[in-house]
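Each chain, written out:
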Amino acid sequence: MTPLPKPTVQQAIEALSDRDEFKAIVQFIREERERFFGDLRQCVETNEVMKVAGSISTLDELLTLISPQQE
């Protein structure tokens, strides 16, 4: 028997995007991103700003990657 090919990440995202569990994960990531924006307002040192900005950037990239591609 020929093994089925593994789905790509994008195919998996498209298959899961309508599920409540997936939506809960995406919402959690969005809320964490917003929380980091709140943390950014509290930063006083440059290193703190850079760390929080990096976290925001990472979450932005993750949200982009797990969003279904529009064709």
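Everything below is about the structure printed above this text.
Residues numbered from 1 in each chain as written. Predicted model: local features only at pLDDT ≥ 70, side-chain atom pairs only at ≥ 80, totals over all residues. Heavy atoms only, no water.

### Overview of the overall build of the protein chain
Phase 1: When helices and strands are tallied, the protein chain shows 3 helices and 0 strands.
Phase 2: When the elements of the protein chain are put in sequence order from the N terminus, they spell out α-α-α.
Phase 3: Its C-alpha atoms give the protein chain a radius of gyration of 17 Å, more than 25% over the compact-globule value 11 Å for 71 residues.
Phase 4: The dimensions of the protein chain, computed from C-alpha atoms along their principal axes, are 60 × 25 × 25 Å.
Phase 5: In the protein chain, which comprises 71 residues, the proportion classed as buried is 17%.
Phase 6: The long-range fraction of contacts in the protein chain, counting pairs at least 24 apart against all pairs at least 6 apart in sequence, stands at 61%.
Phase 7: Counting every atom, the protein chain has about 6000 Å² of accessible surface; 57% of that belongs to carbon and sulfur.
Phase 8: Of the side chains in the protein chain, 8 bear a positive and 13 a negative charge, and the two mean positions are spaced by 2 Å. (Helix = DSSP H or I, 4+ residues; strand = E, 2+ residues; numbered from the N terminus. Rg over C-alpha atoms; globule rule 2.2 N^0.38 Å. Buried < 20%, exposed > 50% of the residue type's maximum accessible area, 1.4 Å probe, protein only. Contact = heavy atoms within 4.5 Å. Areas by Shrake-Rupley, 256 points an atom, 1.4 Å probe, with all protein chains shown as cover. Lys, Arg positive; Asp, Glu negative; His and termini not counted. Charge placed at Lys NZ, Arg CZ, Asp CG, Glu CD.)

### Let's talk about the environment of Asp39
Phase 1: The topology assignment puts Asp39 in helix α2 (residues 20-42).
Phase 2: When the C-alpha positions of Asp39 and Met50 are compared, they lie 12 Å apart, and in sequence the two are 11 residues distant.

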